[in-house]
Amino acid sequence: MNISEIDTVALNEEKCVVDIIDQTLLPNEIKIISLSEKGPMFDAIKLLQVRGAPAIGVFAAMAMYVLAERSSEQTLAGFNSEFASNREYLNSSRPTAVNLSWALKKMQNVVDTTENSFDAEYNDSEMIKKVVEALHDEAVKIRDDDIDTCRKIGEYGASLIHDGDGILTHCNAGKLATVRYGTATAPMYLAYEKGLDIKVYCDETRPLLQGARLTSFELSAAGIDTTLNCDNMSSSLMKAGKINIIFVGCDRVAANGDTANKIGTSLLAIAAKYYGVPFYVCAPYSTIDKATATGADIPIEMRDPDEVAEMWYEKRMAPTGIHIYNPAFDVTDHKLITGFVTERGILRPDEL
Ligand code: MRU
């Protein structure tokens with residue numbers, strides 16, 4: 001099985017389940033898991049079996065459809081209350097990526113508008129059937145839009161890449177973080193498809209190693225020249241003149257352009273500014289949250305300290321009893337961002 005050929009998140013219509021590549025097992029094992037119940041769906045997001053802002057959004061939409069299709073509620077009131085409770089439950093799984101609440105709001109909107117568009121001519125079970133059909137169509141649309149959006153981000157982003165370029169990226173904003181192509185990796189895939197000679201450097205991305213386990217895996221599987229470096233090596237690559245451009249993804253962009261992305265992104269942007277390396281954030285428009293004024297208003301997820309001190313090691317690699325700081329994301333100041341590569345074009349922070 002080649003990772004390039006499998007969608008990260010897929011709706012299995014026949015079985016009425018959501019299929020995902022279990023990303024916690026990569027790169028050692030490519031395993032598809034099928035989810036049909038809310039508990040395992042919540043855990044899949046929380047435990048990063050599915051991760052990356054757009055993939056989480058697509059997954060949540062499909063999950064809401066599957067739960068609705070499988071609902072045993074007979075009355076519209078019961079169905080609505082179960083739907084709202086499932087939506088709130090999934091929404092509480094991770095706080096930073098706005099795509100999760102964005103997709104869940106879209107699904108809720110489908111329920112509300114479908115119910116309002118038919119009046120008394122339908123009984124409850126007919127109405128529930130109509131709503132479930134509409135939820136299916138919305139989930140499929142969110143998936144198709146994601147594929148289309150990433151392809152467009154790739155086309156705009158590839159226009160910034162020159163033959164022979166060294167490109168740096170952080171975390172995984174790759175195909176594994178979307179359905180296909182990725183956001184930050186889409187320009188790389190398209191530049192490679194066009195025959196440009198590129199060399200991609202992947203920050204390892206402590207503590208969960210998304211760069212090592214996921215980005216270097218998917219890019220090398222696609223045939224791209226890929227080099228892995230620890231996070232603390234990227235400024236030395238810039239100083240050595242090996243990096244011409246940086247592409248990263250994002251979990252939420254505030255109205256002023258401040259951008260939350262994987263922890264370590266802001267350090268990279270600061271170094272890029274110092275060394276004069278263009279720093280681009282690849283962002284589907286759904287990740288731009290106009291309701292959040294600045295980066296200071298973005299909620300930052302704090303994760304288990306064991307991810308820093310124990311996970312990945314045979315033995316604990318820090319003394320017991322010490323405090324451990326483990327935020328999953330940081331906020332890059334908009335002044336450090338050269339531009340946002342979106343499906344609508346390349347925009348400066350003040351043009352969002
Ligand atoms: O904690 P993760 O692995 O979900 O963090 C992912 C990132 O920070 C990505 O860069 C971001 O979600 C964009 S994915 C296109």
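Higher on the page you've got the structure.
This is a predicted model, so every value here is computed, not measured. (Residues numbered from 1 in each chain as written. Predicted model: local features only at pLDDT ≥ 70, side-chain atom pairs only at ≥ 80, totals over all residues. Heavy atoms only, no water.)

So, the layout of surface pockets
And step 1. The computed volume of the largest pocket comes to approximately 340 Å³.
And step 2. Taken together, the elements giving at least two residues each to the lining of the largest pocket come down to helix H8 (234-239) and helix H9 (265-275).
And step 3. Looking at the lining of the largest pocket, the element that brings in the most residues is H9, giving 3 residues.
And step 4. Looking at the lining of the largest pocket, its residues break down into 8 nonpolar, 6 polar and 3 charged. (1 Å grid on protein atoms, 1.4 Å probe; cavity = no way out; pocket = protein on both sides within 12 Å on 5 of 7 lines; lining within 4 Å. Points joined across faces, edges and corners; volume = space filled by probe spheres on them. Helix = DSSP H or I, 4+ residues; strand = E, 2+ residues; numbered from the N terminus. Nonpolar A, V, L, I, M, F, W, Y, C, P; charged D, E, K, R; others polar.)

A short note on the packing of helix H3 (residues 76-91) against helix H5 (residues 124-158)
To characterise two packed helices, one gives the angle between the axes of the helices and the distance between these axes.
And step 1. For the pair H3 and H5, interaxial distance at closest approach is 9 Å and the crossing angle is 30°. Our classification of the angle between H3 and H5 gives roughly parallel. Along its contact with H3, which presents Leu76, Phe79 and Phe83, the element H5 presents Asp124, Met127, Ile128, Val131, Val132 and Leu135.
And step 2. Looking at the contact of H3 with H5 residue by residue, the class counts come to 8 nonpolar, no polar and 1 charged. (Axes fitted to C-alpha atoms, helices over the stretch in contact; angles between N-to-C directions. Parallel < 35°, antiparallel > 145°, perpendicular 65-115°, else oblique. Contact = heavy atoms within 4.5 Å.)

Some thoughts on the sheet that holds strand E11 (residues 288-289)
And step 1. Strands sit in the order E11-E8-E9-E12 across an open sheet of 4 strands; the sheet is mixed. If you trace the sheet from one side to the other, it starts and ends with E11 and strand E12 (329-332), each paired once.
And step 2. With 2 bridges connecting them, strand E8 (residues 252-254) and strand E9 (residues 259-262) associate as antiparallel partners. Bridging from a neighbouring strand, Val253 pairs with Thr259 of E9.
And step 3. Strands E9 and E12 of the sheet are contacted by H9, whose axis makes an angle of about 35° with E12. (Pairing = 2+ DSSP bridges.)

A word on the side chain of Asn99
And step 1. Along the chain, the position of Asn99 falls in helix H4 (residues 98-117).
And step 2. Judged by relative accessible area, which is 2%, Asn99 ranks as buried.
And step 3. At 3.4 Å, the side chain of Asn99 forms a polar contact with the side chain of Ser286.
And step 4. With residues up to four places along the chain from it excluded, the contact list for Asn99 reads Ala53, Pro54, Gly57, Asp251, Ser286 and Thr287. (Buried < 20%, exposed > 50% of the residue type's maximum accessible area, 1.4 Å probe, protein only. Polar contact = N/O pair within 3.5 Å; in protein donor to acceptor, adjacent residues only side chain to side chain.)

So, the packing of H3 against H4
And step 1. It is at 10 Å that the axes of H3 and H4 come closest, and there the two elements cross at 170°. Viewed along their axes, H3 and H4 adopt a mutual orientation that is roughly antiparallel. Taking contact as the criterion, the partners of Leu76, Asn80, Phe83, Ala84, Arg87, Leu90 and Asn91 in H3 are, on H4, Leu100, Ser101, Leu104, Met107, Gln108, Val111 and Glu115.
And step 2. For the contact of H3 with H4, the per-class residue count stands at 8 nonpolar, 4 polar and 2 charged.

As for H3
And step 1. Here H3 spans 22 Å end to end across 16 residues, near enough to the 22 Å set by a 1.5 Å rise per residue.
And step 2. Restricting attention to buried positions, one finds in H3 the residues Leu76, Gly78, Phe79, Phe83, Asn86 and Leu90. An end-on view of H3 places all buried positions within 155° of arc, on one side of the element. Of the residues in H3, the exposed ones pointing more than 90 degrees away from the buried face are Ala77 and Glu88.
And step 3. On its buried side, H3 packs onto helix H1 (38-46), helix H2 (53-69), H4 and H5. (Expected span 1.5 Å × (residues − 1). Arc of directions from axis to C-beta.)

Overview of the packing of aromatic side chains
And step 1. Under the definition given, this model contains 4 aromatic pairs.
And step 2. Seen from their ring centres, Phe79 and Phe83 are 6.4 Å apart, and the 25° between their planes marks the pair as stacked. A residue pair is termed a helical-turn pair when its members lie 3 or 4 positions apart in one helix, as Phe79 and Phe83 do in helix H3 at 4 residues.
And step 3. For the ring pair Tyr274 and Tyr275, a centre distance of 5.0 Å and an interplane angle of 90° mean the geometry is edge-to-face.
And step 4. Positioned above the aromatic ring of Tyr89, the side-chain terminus of Lys38 is 5.7 Å from the ring centre. (Phe/Tyr/Trp six-rings, centres within 6.5 Å; stacked < 30°, edge-to-face > 60°. Lys NZ or Arg CZ within 6 Å of the ring centre and 35° of its normal.)

Let's talk about the sheet that holds strand E3 (residues 32-35)
And step 1. The strand order across the open sheet built from 3 strands is E1-E2-E3, with neighbouring strands paired in antiparallel fashion. What marks the edges here is a single partner per strand, and that holds for strand E1 (9-12) and E3. The average angle at which neighbouring strand axes cross in this sheet is 30°, direction not considered.
And step 2. Relative to E3, strand E2 (residues 17-21) is paired through 4 bridges, and the arrangement is antiparallel.

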